[in-house]
Amino acid sequence: MKVSCSVVVFALVFHFFLVTGSRSPPPSDSVIIIGAGMSGIMAAKTLEEAGYKDYIILEADSRIGGRVHKGQVDGNTVEMGANWLFSGGPKSSPAHEIAKKIKLRTLYSDYGNLSSNIYKQGGGLYEKHVVESAFKVADARQEFGTNLSKILSSKKGGDDDISILGSQRLFKQVPKGPLDLAVDYFYNDFEEAEPTRISSLKNTFPRQLMEDFGEDSYFVADPRGFETVVHYIANQFLSHNNNKITDPRLQLKKVRDSIFISYSI
Ligand SMILES: Cc1cc2nc3c(=O)[nH]c(=O)nc-3n(C[C@H](O)[C@H](O)[C@H](O)COP(=O)(O)OP(=O)(O)OC[C@H]3O[C@@H](n4cnc5c(N)ncnc54)[C@H](O)[C@@H]3O)c2cc1C
Ligand SMILES: *[C@@H]1O[C@H](CO)[C@@H](O)[C@H](O)[C@H]1NC(C)=O
Ligand SMILES: *[C@@H]1O[C@H](CO)[C@@H](O)[C@H](O)[C@H]1NC(C)=O
């Protein structure tokens, strides 16, 4: 079913024909934000802070937060999406600042100590110095990849790209053997949720989140969930009652399949 709404913007009339799942009165909003994940909520907050209140947020799901989402396993909260907060970098992470304010329980992930905790295939731990030298090689590989990515991302690079594995081949340091592969898994596959032969170098290195906010990782282990951070932001500007958002500008279970825009003068 089609619903149309008109918005008057500088003598132009925009008609948005929106395909919706339910009948609703023609909205007169000038801005439509699709998705109430961290990006959508921040987009709305940015508009709000600029004094602009004429927007709606359409969310397909029955909750806000998107990929920041908790689940329950045996009565325990388990994060299904984002789990770590970062710090120690040149910028401070707004999410981490909020987490501290609301006293979200976090645990420092001491990846430096991985060198004392990698097991051999036949059992027993690798010696610390053996793992440390594997990390050194991996660090150089990542640095080479980052350098190459910067060249590819410059004007000179145009549309060229390469996989992370491709950059490791160019560096003539392709991880081989169980230890190198375990370290490489930790550096790349785990972070990207994809093997290095698939991950785009240009879109991966440098990892902006860690570049900006730092590499000190804090694991969120709080029954309230990481999503409390998104709720905290949303509650700053969307009307709510008992932690439930009641603001009519947030419309849940609204899937936007398509938006046709036409205008007449
Ligand atoms: C397993 C996993 C682990 C992660 N770990 C971390 C981590 O440790 N630290 C970290 O900082 N980040 C992590 N991330 C990344 C982080 O979760 C995301 O970058 C962030 O949540 C993305 O927010 P977003 O608003 O851009 O997108 P999303 O959260 O995906 O939000 C998009 C929203 O739009 C809605 N939507 C989509 N299409 C439509 C439509 N047509 N109509 C209406 N609604 C629509 C969706 O339902 C969703 O709610 C992880 C992600 C995953 C999946
Ligand atoms: C590092 O790991 C070893 C082996 O598991 C452990 O004995 C040690 O306490 C850890 N150190 C820190 C600082 O966590
Ligand atoms: C990466 O670039 C920096 C700065 O140009 C250089 O000093 C460094 O040696 C390069 N690293 C690798 C592994 O190529």
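- As annotated in an unreviewed UniProt entry, the protein is Polyamine oxidase 1 from Citrus sinensis.

1. Points about the site of ligand 1
Next, step 1: Neighbouring residues of ligand 1: 22 residues in total, closest Ser39, Glu59, Arg67, Trp84 and Arg256.
Next, step 2: For ligand 1, a nitrogen atom lies 3.1 Å from a polar atom in the backbone of Ala60.
Next, step 3: Take Arg67: an N or O atom from its main chain is 2.7 Å from an oxygen atom of ligand 1.
Next, step 4: Protein chains shield 63% of the accessible area of ligand 1, which is 1000 Å² for the free molecule.
Next, step 5: Classifying every residue of the shell around ligand 1 gives eleven nonpolar, seven polar and four charged.

2. Looking at the packing of helix H3 (residues 128-153) against helix H5 (residues 177-192)
Next, step 1: H5 packs onto H3 with a crossing angle of 50° between their chain directions and a minimal axis gap of 10 Å. Looking at the two axes, H3 sits oblique to H5. Between H3 and H5 the crossing geometry is right-handed. Here Val130, Val131, Ala134, Phe135, Ala138, Asp139, Arg141 and Gln142 of H3 come into contact with H5, specifically with Leu179, Asp180, Val183, Asp184, Phe186, Tyr187 and Asn188.
Next, step 2: Counted by class, the contact of H3 with H5 contains nine nonpolar, two polar and four charged residues.

3. Here we look at the nonpolar core
Next, step 1: Within the largest apolar cluster, 24 residues are counted, with the highest numbers of intra-cluster contacts made by Ile41, Tyr55, Ile57, Ile64, Val229, Phe237 and Leu238.
Next, step 2: Looking at this core, the elements with two or more residues in it are helix H1 (38-49), strand S4 (55-58), helix H2 (94-101) and helix H7 (227-235).
Next, step 3: Top contributing element to this core by residue count: H7, with four residues.
Next, step 4: Membership of the second largest hydrophobic core comes to nine residues, among which are Tyr126, Val131, Phe135 and Ala138.

4. Regarding the site of ligand 3
Next, step 1: Neighbouring ligand 3 are Ala140, Glu143, Phe144 and Asn147.
Next, step 2: Contact between ligand 3 and Glu143: a nitrogen atom at 2.7 Å from a side-chain N or O atom of the residue.
Next, step 3: Side-chain polar atom of Asn147 to an oxygen atom of ligand 3: 2.3 Å apart, as the coordinates give it.
Next, step 4: About the coverage of ligand 3: the protein hides 39% of its 360 Å² of free accessible area.
Next, step 5: Residues that form the shell around ligand 3 fall into these classes: two nonpolar, one polar and one charged.

5. Some thoughts on the sheet that holds strand S7 (residues 84-87)
Next, step 1: A sheet is described by the order of its strands in space; here three strands give the open sequence S7-S9-S8, paired in antiparallel fashion. Each end of this open sheet is capped by a strand with a single partner; those strands are S7 and strand S8 (106-109). For this sheet, the mean angle separating the axes of adjacent strands, direction not counted, is 35°.
Next, step 2: Taken together, the four bridges between S7 and strand S9 (residues 216-220) define a ladder with antiparallel strand orientation. In the strand pairing of S9, Phe86 is matched with Ser217.
Next, step 3: Lying over the sheet, H2 contacts S7 and S9, oriented at roughly 105° with respect to S7.

6. What about H1?
Next, step 1: Between its terminal C-alpha atoms H1 stretches 16 Å, which fits the 16 Å expected from twelve residues at 1.5 Å a residue.
Next, step 2: Regarding H1, the residues found buried are Gly40, Ile41, Ala44, Lys45 and Glu48. Along the long axis of H1, the arc covered by the buried residues comes to 135°, so they all point the same way. Across H1 from its buried face, at more than 90 degrees, point the exposed residues Ser39 and Glu49.
Next, step 3: Against the buried residues of H1 lie strand S3 (31-34), S4 and H7.
Next, step 4: Immediately downstream of H1, the backbone of Gly51 shows phi near 85°, a positive value.

Rules behind the numbers
- Residues numbered from 1 in each chain as written.
- Chains lettered and ligands numbered in written order.
- Predicted model: local features only at pLDDT ≥ 70, side-chain atom pairs only at ≥ 80, totals over all residues.
- Heavy atoms only, no water.
- Near = heavy atom within 4 Å.
- Polar contact = N/O pair within 3.5 Å; in protein donor to acceptor, adjacent residues only side chain to side chain.
- Areas by Shrake-Rupley, 256 points an atom, 1.4 Å probe, with all protein chains shown as cover.
- Nonpolar A, V, L, I, M, F, W, Y, C, P; charged D, E, K, R; others polar.
- Axes fitted to C-alpha atoms, helices over the stretch in contact; angles between N-to-C directions.
- Helix = DSSP H or I, 4+ residues; strand = E, 2+ residues; numbered from the N terminus.
- Parallel < 35°, antiparallel > 145°, perpendicular 65-115°, else oblique.
- Left-handed = near helix turned anticlockwise from the far one by under 90°.
- Contact = heavy atoms within 4.5 Å.
- Core = buried A, V, L, I, M, F, W, Y, C linked by side-chain atoms within 4.5 Å.
- Buried < 20%, exposed > 50% of the residue type's maximum accessible area, 1.4 Å probe, protein only.
- Pairing = 2+ DSSP bridges.
- Expected span 1.5 Å × (residues − 1).
- Arc of directions from axis to C-beta.

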